[in-house]
Amino acid sequence: MKEQYFLQRVRAKTPLVHCITNIVVANFQANGLLALGASPVMADAVEEAAEIAAAANCTVLNIGTLNKETIEAMIIAGKSANEHNVPVVLDPVGAGATQFRKATVLRILEEVKISLIRCNAGELATIAGVKWHARGVDAGEGEMDLQKMAMETAKRFNCIVAVTGVTDIVSDGIEVKEISGGHRLMSKITGSGCLLSAIVGAYLSVCSGENFAATYEALSFYKKAGERAAEKSEQPGHFAAYILDELHREW
Amino acid sequence: MKEQYFLQRVRAKTPLVHCITNIVVANFQANGLLALGASPVMADAVEEAAEIAAAANCTVLNIGTLNKETIEAMIIAGKSANEHNVPVVLDPVGAGATQFRKATVLRILEEVKISLIRCNAGELATIAGVKWHARGVDAGEGEMDLQKMAMETAKRFNCIVAVTGVTDIVSDGIEVKEISGGHRLMSKITGSGCLLSAIVGAYLSVCSGENFAATYEALSFYKKAGERAAEKSEQPGHFAAYILDELHREW
Amino acid sequence: MKEQYFLQRVRAKTPLVHCITNIVVANFQANGLLALGASPVMADAVEEAAEIAAAANCTVLNIGTLNKETIEAMIIAGKSANEHNVPVVLDPVGAGATQFRKATVLRILEEVKISLIRCNAGELATIAGVKWHARGVDAGEGEMDLQKMAMETAKRFNCIVAVTGVTDIVSDGIEVKEISGGHRLMSKITGSGCLLSAIVGAYLSVCSGENFAATYEALSFYKKAGERAAEKSEQPGHFAAYILDELHREW
């Protein structure tokens, strides 16, 4: 497959990416999607979640600053996306941080057919029911065979699982691949994972069912964008601006 | 009239601009108003909407991520601004994207006296009841005589209508003017339209009733700021920072 | 005490800073904490406020865009932090702007043991019950002996009071110190005060009870970061990025 194959399709089709997201990253996520060539729409009211999801090419559910209302909107949007056969991405931000988050993630996974779980190691551990020392919304520390866990979780929910970190892992329940590279500064800007979830969502919406290949390309692309941005600045304020620049330019 | 006449008045008076706005652009909008020389205050609780609006020099209603609570706050703030004779700007973000947004916009237009509607072509079409292919919160595509529609809508609601895009159109229901220029990158950063709505609000608050002239100057100024920012960077991450820089410097 | 003593401890311990904050500054605040070397977690749902606060090393209550739900979350989080003996910072944004804000601030001060109030002069006046011409969320103008007022308020609530402005004032109810320096551009970027509140929170969480010294160091550090950022750019868009860069680099 040609390099940046799915990226070119995203740019050609400008998919509408519906994000129910958190107050911390909404701006960066919208700017990142625009820079990439997608069209973001943030909408989390229960009154319109179904209609927006029906019109969108993908829905991204992010529980970063969840509350009663937005959880209902996520369920409604997810079900609507399911009915309209558009991919749904779940970003279980800080899933292990509280019982409330864990219960919400498990509820979404039960009520909505998810195409992709994009998470860090700690969040995967929570979903998989493995002991883990999570810490707020950060990955935390623990011991487990991440590849195995990613594959089993992908099989269990019949979806793609993408676990990002120093080395990314992606599995569809059958295959598993690793992606190295990237830059440590990615973890020094808030929302870098959240933005990635939305970017993979854009890729999934144009990939004609090649979810595994599209996710792999998106993760590889994002790591390269991080490397290139870090060549321009190794300080986080400017690095964040360079990330957006990299997402936007010719590849 | 001297160049940047109203801008100098904004900077001399530092108007307090009350924004009920969305989670995506709140930061950029506040930073843009500060850069310009105005003083932003974001407050969307029903308990304080009237009091803030009464103290402010202008209220800006933006439905970008509306919900039940904030809609009530918008109505309360709008009515309070009306009572205190300060301008109210309506930014009907994605008005055509859902029935919920459309109904909200029409309700606001019915219950609050609006000084300015700042919108894109698709949002204008929704307000005017014209068929249009809207897409999320983007302008979308359709055929209509925008000048005529802007003028009729301005007449109908007895306000200024500013339709922004590649070419901006501004009408007070009698006159209509076009503004060309600007830069395509403006549509690659989220909230550029939302920020403009707040900036025009600041202009209206110091224009002594010359709403049409003030809106025209604000739109022209914003297009020039976009052009100048694009001379510094044609990548969106840095372009956004340069926009804020341009809003801040001497003109 | 060595220069940047507490900063080095923050970086060694990466404290988890729980912020219940506003939609305007959440992104800048999270990025600032990450740049500094702390770990932010924004969580304002009543269902999880206690659990997050219990796990965090500090809780920061910011009323910038308060509403009924988040106020309850603040009270719950504050009480939980009190039970777990971790510091609680109160940022009474725009306390004097509305009766709703004033009542909320006084309620928090009554129900939660606060370690630090970080505010501007107008907000201090509101808490102290002194007449003041506040204006939105800006400091405003008035006449009072700020040092005396800071000291009395610190004594009254048995906490540190840090009043920031052109000259910062910090008191523990016994001592009072001033900090000059900084740069006027700090007031031209939204959330610079809110971020400072969270940064002092990070310092307090690693200071082993030396709250006064830690607050003084944090305020001095922040003023220097502002000065250095302004040497790089005197325009607000780029200045904001340089602030984050400064918070991140070696000191």
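Per chain, the residues get numbers from 1 upward, laid out in the order the sequence is written. Chain A is the first chain written and ligand 1 is the first ligand written, with later ones labelled in order. Side-chain atom pairs in this predicted model are given and counted only at pLDDT of 80 or more, local residue features only at pLDDT of at least 70, and totals for whole chains, interfaces and linings cover all residues. In computing side-chain properties, one takes all heavy atoms of the structure into account and sets aside hydrogens as well as water.

Draft legend 1. Representation of the interface of chain A and chain B. A contact between two residues is defined here by any heavy atoms of the two lying within 4.5 Å. Listed as interface residues are 35 residues of chain A and, on the opposing side, 29 residues of chain B. For salt bridges, the criterion is a side-chain nitrogen of Lys or Arg within 4 Å of an Asp or Glu carboxyl oxygen. At the junction of chain A with chain B, the criterion picks out three salt bridges. Here Arg101(B) makes a salt bridge to Glu48(A), at a shortest N to O gap of 2.8 Å. N or O atoms closer than or at 3.5 Å make up a polar contact, with two conditions inside protein: a donor-capable atom paired with an acceptor-capable one, and, for residues adjacent in sequence, both atoms drawn from side chains. Seen at the junction of chain A and chain B, the total is ten residue pairs in polar contact (both at pLDDT 80 or more). Secondary structure is summarised from DSSP: a helix means a run of H or I of at least four residues, a strand means a run of E of at least two, and numbering begins at the N terminus for each. Looking at the side of chain A that touches chain B, the elements that each hand over two or more residues are helix H2 (26-36), strand S2 (39-42), helix H3 (49-55) and helix H10 (236-248) of chain A. A breakdown of the residues in the side of chain A that touches chain B according to their chemical character gives 17 nonpolar, ten polar and eight charged. Under this grouping Gly is polar, as are all residues other than the nonpolar Ala, Val, Leu, Ile, Met, Phe, Trp, Tyr, Cys and Pro and the charged Asp, Glu, Lys and Arg.

Draft legend 2. Up close: the side chain of Thr104(C). Residue and element names in this part refer to chain C. Within the fold, Thr104 resides in helix H5 (residues 99-111). Polar contacts involving the side chain of Thr104 include one to the main-chain carbonyl oxygen of Phe100, which spans 2.7 Å. The residues touching Thr104, leaving out its near neighbours within four places in the chain, are Ile63, Leu66 and Ile71.

Draft legend 3. Region of the structure containing the relation of the copies chain A and chain B. Taken as rigid bodies, chain A and chain B are interconverted by a rotation of 120° and an axial shift of 0.0 Å, the fit giving an RMSD of 0.0 Å. Given the turn and translation reported, the copies of this chain are related as if by a three-fold rotation axis. It is Ile23(A) whose C-alpha, among those of chain A, lies nearest the rotation axis, at 3.3 Å. Alignment of the copies relies on least squares applied to C-alpha atoms, considering only residues that score at least 70 for pLDDT in both.

Draft legend 4. Geometry of the packing of aromatic side chains. Stacked, edge-to-face and tilted labels apply to pairs of Phe, Tyr and Trp rings (six-membered ring for Trp) whose centres lie within 6.5 Å, assigned for plane angles under 30 degrees, over 60, and everything in between, in that order. Evaluated as defined, the whole model comprises nine aromatic pairs over all chains. Geometrically, the ring pair formed by Tyr203(A) and Phe221(A) is tilted, given 6.4 Å between the ring centres and 35° between the ring planes. Residue Tyr203(A) is located in helix H8 (residues 192-204), and its partner Phe221(A) is located in helix H9 (residues 211-232); the two are separated by 18 residues in the primary sequence. The residues Tyr203(A) and Phe221(A) share a single accessibility class, namely buried. For the ring pair Phe221(A) and Trp251(A), a centre distance of 4.8 Å and an interplane angle of 70° mean the geometry is edge-to-face. Taken as a pair, Phe221(A) in helix H9 and Trp251(A) in the segment after H10 lie far apart in primary sequence, 30 residues in all. Counting every residue linked through ring pairs, the aromatic cluster contains Tyr203(A), Phe221(A) and Trp251(A). The ring of Trp251(C) carries Arg249(C) above its face, with NZ or CZ at 4.6 Å from the centroid. When accessible area is computed with a 1.4 Å probe and restricted to protein chains, residues below 20% of their type maximum are described as buried, those above 50% as exposed, and intermediate ones as partly exposed. Consider the ring centre and the ring normal. A charge sits over the ring if Lys NZ or Arg CZ is within 6 Å of that centre and within 35 degrees of that normal.

Draft legend 5. Region of the structure containing the sheet that holds strand S10 (residues 176-179) of chain A. Residues and elements named next belong to chain A. A pair of strands is labelled paired if DSSP reports no fewer than 2 bridges between them. One open sheet accounts for eight strands, arranged S2-S1-S3-S4-S5-S8-S9-S10; its pairing is mixed. Either end of the sheet is taken by a strand with one partner, and the two such strands are S2 and S10. Geometrically, the sheet is characterised by an average inter-axis angle of 20° between neighbouring strands, direction not taken into account. Looking at chain direction, strand S3 (residues 58-62) and strand S4 (residues 88-91) are connected through four bridges and run parallel. The residue of S4 that forms the bridge with Thr59 is Val88. Lying over the sheet, helix H7 (residues 146-157) contacts strand S5 (116-119), strand S8 (160-163), strand S9 (168-171) and S10, oriented at roughly 35° with respect to S9. Orientation is described by lines fitted to C-alpha atoms, with helices fitted over the stretch in contact, and by angles between N-to-C directions that extend from 0 to 180 degrees.

Draft legend 6. Quick look at the interface of chain A and chain C. The interface of chain A with chain C comprises 29 residues on the first partner and 35 residues on the second. Accessible area, probed at 1.4 Å, shrinks when two parts are joined; the buried area is that loss added up over both. When chain A packs against chain C, the two sides together hide about 2,400 Å² of surface, and 55% of this comes from carbon and sulfur. The tally of links between chain A and chain C comes to three salt bridges. With a shortest N-O distance of 3.2 Å, Lys68(A) and Glu47(C) are connected by a salt bridge. At the junction of chain A with chain C, the criterion picks out ten residue pairs in polar contact (both at pLDDT 80 or more). Breaking the side of chain A that touches chain C down by element, the ones donating at least two residues are helix H5 (99-111) and H10 of chain A.

Draft legend 7. Structural detail: the pattern of salt bridges. Counted according to the given criterion, the structure contains 39 salt bridges over all chains. Where Lys224(A) meets Glu3(A), a salt bridge forms, and the shortest distance between an N and an O atom there is 3.5 Å. In this pair, Lys224(A) is assigned in helix H9 and Glu3(A) in the segment before helix H1 (5-13), connecting sequence segments 221 residues apart. Classification of Lys224(A) by relative accessible area gives partly exposed; the value is 31%. Taking the shortest distance from any N to any O, the salt bridge between Glu111(C) and Arg107(C) comes out at 2.9 Å.

Draft legend 8. Just the sheet that holds strand S9 (residues 168-171) of chain C, in detail. Residues and elements named next belong to chain C. Spatial ordering of the open sheet is given by S2-S1-S3-S4-S5-S8-S9-S10, a layout of eight strands whose pairing is mixed. Looking at which strands have only one partner, the edges of the open sheet turn out to be strand S2 (39-42) and strand S10 (176-179). Averaged over neighbouring strand pairs, the angle between their axes works out to 20° when direction is ignored. Of the pairings in the sheet, the one linking strand S8 (residues 160-163) to S9 comprises three bridges and is antiparallel in character. Considered in S9, the bridge of Ala162 is made with Val170. The strands that helix H7 (residues 146-157) touches are strand S5 (116-119), S8, S9 and S10; relative to S9, the one it contacts most, it runs at about 35°.

Draft legend 9. The arrangement of the side chain of Glu246(B) in detail. Residue and element names in this part refer to chain B. Looking at the secondary structure, you find Glu246 in helix H10 (residues 236-248). On the basis of relative accessibility, which here comes to 2%, the residue Glu246 falls in the buried class. One polar contact links Glu246 to Arg249, side chain to side chain, over a distance of 2.8 Å. Dropping the residues within four chain positions of it, Glu246 is found in contact with Ala225, Arg228, Ala229, Lys232 and Trp251.

Draft legend 10. The confidence of the model for chain A, seen in detail. Model confidence for chain A is summarised by a mean pLDDT of 95, while 96% of its residues fall at 70 or above. Here the predicted complex scores 0.97 on pTM and 0.96 on ipTM. Per-residue confidence from the predictor is reported as pLDDT, a score between 0 and 100.

Draft legend 11. Quick look at the UniProt feature "binding site: substrate" (unreviewed entry) in chain A. UniProt positions are given in the numbering used here, feature names are shortened, and annotations may be inferred rather than shown by experiment. In the numbering used here, UniProt assigns the "binding site: substrate" (unreviewed entry) feature to Met42(A) and Gly191(A). Residue position: Met42(A) is located in strand S2. Judged by its relative accessible area of 6%, Met42(A) is buried. Met42(A) has contacts with Cys19(A), Thr21(A), Ala26(A), Gln29(A), Ala30(A), Val24(B), Gly64(B), Thr65(B) and Arg101(B), leaving out every residue within four places of it along the chain. Within the element layout of this structure, Gly191(A) appears in the loop between S10 and H8. Apart from the residues lying within four places of it in its own chain, the contact partners of Gly191(A) are Val25(A) and Phe28(A).

Draft legend 12. Inspection of the environment of Glu111(C) at higher detail. All names here are of chain C. Within the secondary structure, Glu111 sits in helix H5. Using a relative accessible area of 31% as the deciding quantity, one classes Glu111 as partly exposed. In sequence terms Glu111 and Gln235 are 124 residues apart; their C-alpha atoms lie 42 Å from each other. With residues up to four places along the chain from it excluded, the contact list for Glu111 reads Ile75 and Lys79. A distance of 3.3 Å separates the side chain of Glu111 from the side chain of Lys79, its partner in a polar contact.

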